[in-house]
Amino acid sequence: MRYRAVILDVDGVVTPFRSAWQRLHAILGTDGSLNRALYKLGVINYYEWALYDVLLWHGAPRGIVEAYFQTTRGLEDLCAVLREAGVYAIAVSAGVGYTRRLSHCFHFYVVNDLVYRDGAVYSVSVVVSDKNKEEVAGKILEHLGVGWEESVAVGDGEADLPMLRKAGYSIAFNPTSEEVARAAKAVIRAESLHPLAKYLRALLR
């Protein structure tokens, strides 16, 4: 099988932090635990959860929100492998759009973007939730004329499970649970992306 697309999760894979939302809460000194609890209880939907979190950041300067952050080591090596293989590189994240500076590595980078007004956080545009990543990725693949069986999915968490199960080949990168590890055809546990890049280089030949 010749794979034509690689779909990657962002938080916990190409970034060392598991949640772009939680990272920003920590930076801005806000507590989103109540909003998270309400979502888990089914009291609010994902959009409302995202909006209520962003309201805690209302007025935060864009410069602080989008300040430089470290990526997982080896990202440029991974990007080079994807370019050399000539595959479509797709990132689908339920995280926050300040990670968009990583988009140079991808043909498609889909994430939830903060909305700014007068240089400060105002609202949020939600495209990806923890339950629709497969649907979002599927629409991109359909647009490209690529079947799921021709794709490789890489993820780490439960939100990635549908993609991992549907892709022609799946890799769990530092999986957060045994369920995620079992859903993938390969499991890579590493502190950098170099092992993933090496694995993909062999797989995509």
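Keep in mind that what you see is a predicted model, and the values were worked out from it rather than measured. (Residues numbered from 1 in each chain as written. Predicted model: local features only at pLDDT ≥ 70, side-chain atom pairs only at ≥ 80, totals over all residues. Heavy atoms only, no water.)

J.: What's the story with the overall build of the chain in this structure? I'm lost.
T.: Within the chain, the secondary structure is distributed over nine helices and seven strands. For the C-alpha atoms alone, the extent of the chain along its principal axes is close to 50 × 35 × 35 Å. When each of the 205 residues of the chain is scored for burial, the buried share is 55%. Once local pairs closer than 6 in sequence are excluded, the contacts in the chain between residues at least 24 apart make up 61%. Counting only carbon and sulfur atoms, one obtains 51% of the accessible surface of the chain, whose full area is about 9700 Å². (Helix = DSSP H or I, 4+ residues; strand = E, 2+ residues; numbered from the N terminus. Buried < 20%, exposed > 50% of the residue type's maximum accessible area, 1.4 Å probe, protein only. Contact = heavy atoms within 4.5 Å. Areas by Shrake-Rupley, 256 points an atom, 1.4 Å probe, with all protein chains shown as cover.)

J.: How do you make sense of the pairing of strand 6 (residues 169-173) when you look at a structure like this?
T.: For a regular strand, the rule is simple: side chains alternate between the two faces of the sheet. Burial within strand 6 is extensive, with five of its five residues counted as buried. Pairing analysis gives four bridges linking strand 5 (residues 151-155) to strand 6, with the strands arranged parallel. The residue of strand 6 that forms the bridge with V154 is I171. Note that the unit made of strand 5, helix 7 (residues 161-166) and strand 6 has a crossover that is right-handed. (Pairing = 2+ DSSP bridges. Right-handed = clockwise from strand over helix to strand, strands pointing away.)

J.: Could you clarify how one ought to interpret helix 9 (residues 194-203) in this entry?
T.: Count 3.6 residues to each turn of an α-helix, and residues three or four apart come out pointing the same way. Of all the residues in helix 9, the buried ones are L196, A197, L200 and L203. The buried residues of helix 9 occupy one face: seen down the axis, they fall within an arc of 130°. Exposed and oriented more than 90 degrees from the buried face of helix 9 are K198 and A202. Those residues of helix 9 hidden inside the fold are in contact with strand 1 (5-8), helix 5 (75-85), strand 5, strand 6 and strand 7 (186-188). (Arc of directions from axis to C-beta.)

J.: Looking at this structure, I do not really get unusual backbone geometry. What am I missing?
T.: For D118, which is not a glycine, the phi torsion comes out positive at approximately 55°. With respect to the helices, strands and loops of the structure, D118 is situated in the loop between strand 3 (108-117) and strand 4 (120-125). Phi angles above zero are rare outside glycine, and N174 is one such case at about 45°. For N174, the position within the fold is in the loop between strand 6 and helix 8 (178-183).

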